[in-house]
Amino acid sequence: MAIAMTTTLGVRCMSTEAALLKLQSWFSPSFPVGGYTYSHGLEYGVECGLIHHRESLQTWLEGLLQWGAGHGEGVLFHGAYGAAVRQDWAALHEVTVWAQALRPTAELALESRGQGRAFLVAVQQGWPHPWVQRWGDGLAEHAPYGVVTGLACAAHGVPEAMGLSALLHGMVAGWISAAVRLIPLGQQAGVLVQSALEGEIQTLVRALLSQPASAFQAELGGCAWMAEWCSLKHETQYTRLFRS
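Counting of residues starts from 1 at the beginning of each chain's written sequence and follows it residue by residue. Reporting in this predicted model follows two pLDDT cut-offs: at least 70 for local features of residues, and 80 or more for side-chain atom pairs to be given and counted; totals over whole chains, interfaces and linings ignore these cut-offs and use all residues. The side-chain quantities take in all heavy atoms of the structure and omit both hydrogens and water.

*Asks:* Got a sec to walk through the side chain of His78? Specific residues and values, please.
*Replies:* Under the DSSP-based scheme used, a helix requires at least four consecutive residues in state H or I and a strand at least two consecutive residues in state E, with every element numbered from the N terminus. In this fold, His78 is placed in helix α4 (residues 69-85). For His78, the side chain forms a polar contact with the main-chain oxygen of Leu208, separated by 3.2 Å. It only takes one pair of heavy atoms within 4.5 Å for two residues to be counted as in contact. In this view, His78 contacts Glu160, Leu208, Leu209, Gln211, Pro212 and Ala213; residues no more than four positions away in its chain are not counted. The definition of a polar contact used here is a pair of N or O atoms within 3.5 Å, where within protein one atom must be able to donate a hydrogen and the other to accept one, and adjacent residues in sequence count solely through side-chain atom pairs.

*Asks:* Give me the lowdown on the layout of surface pockets, citing residues and values where you can.
*Replies:* If a probe as big as a water molecule is rolled over the atoms, it shows which places are left empty. Approximately 230 Å³ is the volume attributed to the second largest pocket. Along its surface, the second largest pocket is lined by 14 residues, and Thr59, Trp60, Gly63, Leu64 and Trp67 are the ones closest to its centre. Those elements giving two or more residues to the lining of the second largest pocket turn out to be α3 (54-67) and α12 (225-234). Ranked by the residues each element gives to the lining of the second largest pocket, the list is headed by α3, at 8 residues. Using protein atoms alone on a 1 Å grid, points that fit a 1.4 Å probe yet trap it form a cavity, whereas open point sets bounded by protein on both sides within 12 Å along at least five of seven lines form a pocket; residues with an atom within 4 Å of a point count as lining. Grid points are joined across faces, edges and corners, and a volume is the space filled by probe spheres set on the points.

*Asks:* Help me get a handle on the packing of aromatic side chains, residues and values and all.
*Replies:* For Phe, Tyr and Trp, rings pair up if their centres lie within 6.5 Å, where Trp contributes its six-membered ring, and each pair is then called stacked (planes under 30 degrees apart), edge-to-face (over 60) or tilted (otherwise). Summed over all chains, the structure comprises 9 aromatic pairs. For the pair Trp89 and Trp131, a centre-to-centre distance of 6.1 Å together with 75° between the ring planes defines the contact as edge-to-face. Within this pair, whereas Trp89 is found in helix α5 (residues 89-101), its partner Trp131 is found in helix α7 (residues 130-139), the two being separated by 42 residues in sequence. Assigned by exposure class, Trp89 and Trp131 land together as buried. Taken together, the ring pairs in this structure connect Trp26, Phe27, Phe31, Phe119, Trp127 and Tyr145 into an aromatic cluster. Think of it in three bands: residues with accessible area under 20% of the maximum for their type are buried, residues over 50% are exposed, and the middle band is partly exposed, with areas taken using a 1.4 Å probe on protein chains only.

*Asks:* Now, about the state of the cysteines: what can you tell me, with residues and values included?
*Replies:* The disulfide definition used here is simple: a pair of cysteine sulfur atoms within 2.5 Å. Per the stated rule, a full pass over the model turns up 0 disulfides. Cys230 supplies the cysteine sulfur nearest to Cys48, a cysteine that is in no disulfide, at a spacing of 4.8 Å. A relative accessible area of 0% places Cys230 in the buried class.

*Asks:* Now, about a nonpolar patch on the surface: what can you tell me, with residues and values included?
*Replies:* Here the term patch refers to residues with relative accessible area over 30% and no salt bridge, with like charges joined within 9 Å and nonpolar side chains (Val, Leu, Ile, Met, Phe, Trp, Tyr) within 5 Å. Method for areas: the Shrake-Rupley scheme with a 1.4 Å probe, in which residue coverage is limited to the protein chains shown. Salt bridges are counted wherever a side-chain nitrogen of Lys or Arg sits within 4 Å of a carboxyl oxygen of Asp or Glu. The grouping of Leu50, Met226 and Trp229 at the surface amounts to a nonpolar patch, some 270 Å² of accessible area in total. In this fold, Trp229 is placed in helix α12.

Structure below.
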């Protein structure tokens, strides 16, 4: 059975079993962050024919993981986790400021902020912790999703690789859920896409964790331009099911 571990910074990591229970709650589709209301621009991508079957969806999501929101939120998670472990609240504030500054569209900012704020409130109530309570008040107005999930995982001793993997898996699952309803796509096709992207998630996690968290700025940025264009077009799309 896995036992609690202590990192080189003296922060005690919980057992694998305990960490898994928290992550299954925090990144479950039923966790009250409202993830089902956002499509991350997929709605317009389907509307204009860029995403129309399983293969095009998988390619699109691979791009989001490598160059878009998957990579971006992962960088923010890594920076926030490291700052929280060091209890460097100035560094955590810096990660938050960068997160706010780099949102390419109003709807993508709303998506990250809305889910982040809801996640923060739910964790504060269900799993209170001094670090989360201390920083939560300052984050409540502008709560980037990657930042608050990184803070929560660090505060509760969830191993970073597990937390980051769960975050990215949950993001991908949410995008697939939106696509299944929009294209429409069969549930089995959605499962095949989720399975195919496991390797991409693992590659991204390894790449991010190979860099020092204190130098997270070096990994910031992206080039998922079509996803950002779809998000901009979605703002004025005539008929919409999703908020982004």
